[in-house]
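Geometric and topological summary
One letter stands for each residue in the lines below.
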2 protein chains.
Amino acid sequence: MRECCDMRGFLSFIVLRLISKKSMSGHELSQEIKKRKGSKPSPGTIYPVLKALSENGFIEEIKDKGKIKKYRLTKKGKKELEIATVKFCQIFYDMKDEFGRRC
Amino acid sequence: MRECCDMRGFLSFIVLRLISKKSMSGHELSQEIKKRKGSKPSPGTIYPVLKALSENGFIEEIKDKGKIKKYRLTKKGKKELEIATVKFCQIFYDMKDEFGRRC
DNA sequence: TTTACAATATCGCATATCCGATAAAAAATA
DNA sequence: TATTTTTTATCGGATATGCGATATTGTAAA
């Protein structure tokens, strides 16, 4: 075991959540994720995730020329995020207390 | 993509959390996880996880008569859970609001 | 004791996740 | 425009995660 509870997985979920609040580029996402997780996802991690989310119609590019490509949620993506959030809350409902204590 | 955000991973974390509240057997854990996630982990999933956690000294058996083994956290396991919980809160700190709204 | 059942254990397989290296493209700067 | 830097894209490989099938073990019931 590499490390118990290294919080793998959930990267798509985190990305959807971050984008839902503010349109972001791959690079910005990487930086925000580094802030939270401590480690920055490698380019080989983040871009394939964005590609997959894109291909599945959950996010879409907004690119005005001269600027870095950013992503925003689609309608489908919003639905997906809502579903995932509900699931998350069901699974971790008792983390509420932890958050209350720690944040 | 199987499904975006299917909440894979985190099984060890969930197990540690559940056991931290109440000593449980593999079977009980499966049932509680089914309640939360909707799907029950297969025996081929849950028992290897318990074995790994055990071998790493995070949990230990309390065997009261019978074949039903229950597990409890060790001191090392408590530390590990604390570390993981802090990390979790850092990554998902803004889920606090969601919990507030939904639970 | 024999049978039936429930809980646990293990195996092989499929897929997902993530990384590092490398390349390409775009933007910024000179 | 030419050059450098930043950002994005892709590929191969390593490891993790989880499933289903099967076997084992222990318990209770017949």
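Residues numbered from 1 in each chain as written. Chains lettered and ligands numbered in written order. Predicted model: local features only at pLDDT ≥ 70, side-chain atom pairs only at ≥ 80, totals over all residues. Heavy atoms only, no water.

1. Digging into the environment of Glu-28 of chain B
All names here are of chain B. Threshold: Counting from the N terminus, the helices are DSSP H or I runs at least four residues long and the strands are E runs at least two residues long. Only protein chains enter the accessibility calculation, which uses a 1.4 Å probe; a residue is then buried when its area is under 20% of its type maximum, exposed when over 50%, and partly exposed in between. Contacts are residue-level and defined by heavy atoms, with any inter-residue pair within 4.5 Å sufficient. Polar contact is the term for a pair of N or O atoms within 3.5 Å; when the atoms are in protein, one must be able to donate a hydrogen and the other to accept it, and sequence-neighboring residues count only if both atoms are side-chain atoms.
By the secondary structure assignment, Glu-28 is in helix α2 (residues 26-37). On the accessibility criterion, Glu-28 (23% relative accessible area) is partly exposed. Taking C-alpha positions, Glu-28 is 30 Å from Asp-97, a pair spaced 69 residues apart along the chain. With residues up to four places along the chain from it excluded, the contact list for Glu-28 reads Lys-22, Ser-23 and Lys-70. Here the side chain of Glu-28 touches Ser-25 through a polar contact of 2.8 Å, landing on its backbone nitrogen.

2. Section: the relation of the copies chain A and chain B
Short version of the rule: Our superposition of the copies is a least-squares fit, built on the C-alpha atoms of residues whose pLDDT is at least 70 in both.
Here chain A sits on chain B after a turn of 180° about the axis and a move of 0.0 Å along it, with an RMSD of 0.2 Å. Those values place the two copies in the arrangement expected of a two-fold rotation axis. Considering only C-alpha atoms, the residue of chain A closest to the rotation axis is Gly-9 of chain A, which sits at 2.7 Å. When you check the interface residues of chain A against chain B, 100% turn up at the interface there too, and the contact is symmetric in its surfaces.

3. Side note on the interface of chain A and chain B
Counted only if it meets this: Buried area is understood as the total, over both parts, of accessible area removed when two parts are fitted together, assessed with a 1.4 Å probe. Every case where a carboxyl oxygen of Asp or Glu lies within 4 Å of a side-chain nitrogen of Lys or Arg is listed as a salt bridge.
With 40 residues of chain A at the interface, the matching set in chain B holds 40 residues. Both faces considered, chain A and chain B share a buried interface measuring about 4,100 Å² in area, 68% of it formed by carbon and sulfur atoms. Considering only the surface of chain A that becomes buried against chain B, Met-7, Arg-36 and Phe-99 of chain A emerge as the three largest contributors, covering 18% of it. With its nearest N and O atoms 2.0 Å apart, the salt bridge here joins Asp-94 of chain A to Lys-21 of chain B. For the pair chain A and chain B, the interface holds 10 residue pairs in polar contact (both at pLDDT 80 or more). At the level of secondary structure, the elements contributing two or more residues to the side of chain A that touches chain B comprise α1 (11-21), α2 (26-37), α3 (43-55), α4 (75-91) and α5 (95-102) of chain A. Among the elements that line the side of chain A that touches chain B, the one with the most residues is α4 of chain A, at 10 residues.

4. With respect to the sheet that holds strand β1 (residues 24-25) of chain B
All names here are of chain B. What counts, and what does not: Two strands form a pair only when DSSP identifies at least two bridges running between them.
Taken together, three strands build an open sheet; the order of strands is β1-β3-β2 and the sheet is antiparallel. On the outer flanks of this sheet lie β1 and β2 (59-62), each paired with one strand and no other. In the sheet, β2 pairs with strand β3 (residues 70-73) via four bridges, with the strands oriented antiparallel. From the neighbouring strand, Glu-61 faces β3, where its bridge partner is Tyr-71.

5. A few points about helix α1 (residues 11-21) of chain B
Note on helix geometry: an α-helix contains 3.6 residues per turn, so any two residues three or four positions apart are oriented the same way. Within α1 of chain B, nine of the 11 residues are buried, which leaves the element mostly enclosed by the surrounding structure. Listed in full, the buried residues belonging to α1 of chain B are Leu-11, Ser-12, Phe-13, Ile-14, Val-15, Leu-16, Arg-17, Leu-18 and Ile-19 of chain B.

6. Focus on the packing of aromatic side chains
Going by this rule: Between 30 and 60 degrees the pair is tilted, below 30 it is stacked and above 60 it is edge-to-face, where a pair is any two Phe, Tyr or Trp rings, Trp via its six-membered ring, whose centres lie within 6.5 Å. We count a charge as sitting over a ring when the NZ of a lysine or the CZ of an arginine lies within 6 Å of the ring centre and within 35 degrees of the ring normal.
In this structure the tally under the stated criterion is 21 aromatic pairs over all chains. Taking the centre distance of 6.0 Å and the plane angle of 65° together, the rings of Phe-92 of chain A and Phe-10 of chain B count as edge-to-face. Of the two residues, Phe-92 of chain A is situated in the loop between α4 and α5 and Phe-10 of chain B in the segment before α1; the pairing between them involves two chains. Summarising the burial analysis for this pair, Phe-92 of chain A and Phe-10 of chain B share the class buried. Over the ring of Phe-58 of chain B we find Lys-76 of chain B; its NZ or CZ atom is 5.1 Å from the centre of that ring.

7. Concerning the nonpolar core
In plain terms, the rule: What we call a nonpolar core is a set of buried Ala, Val, Leu, Ile, Met, Phe, Trp, Tyr and Cys residues that are connected through their side-chain atoms within 4.5 Å.
Membership of the largest hydrophobic core comes to 60 residues, with the highest contact counts inside it found for Phe-13, Phe-88 and Phe-92 of chain A together with Phe-13, Val-15, Phe-88 and Phe-92 of chain B. Beyond its immediate chain neighbours, meaning those up to four positions away, Phe-13 of chain B contacts Cys-5, Met-7, Phe-92 and Met-95 of chain A together with Leu-81, Ala-84, Thr-85 and Phe-88 of chain B.

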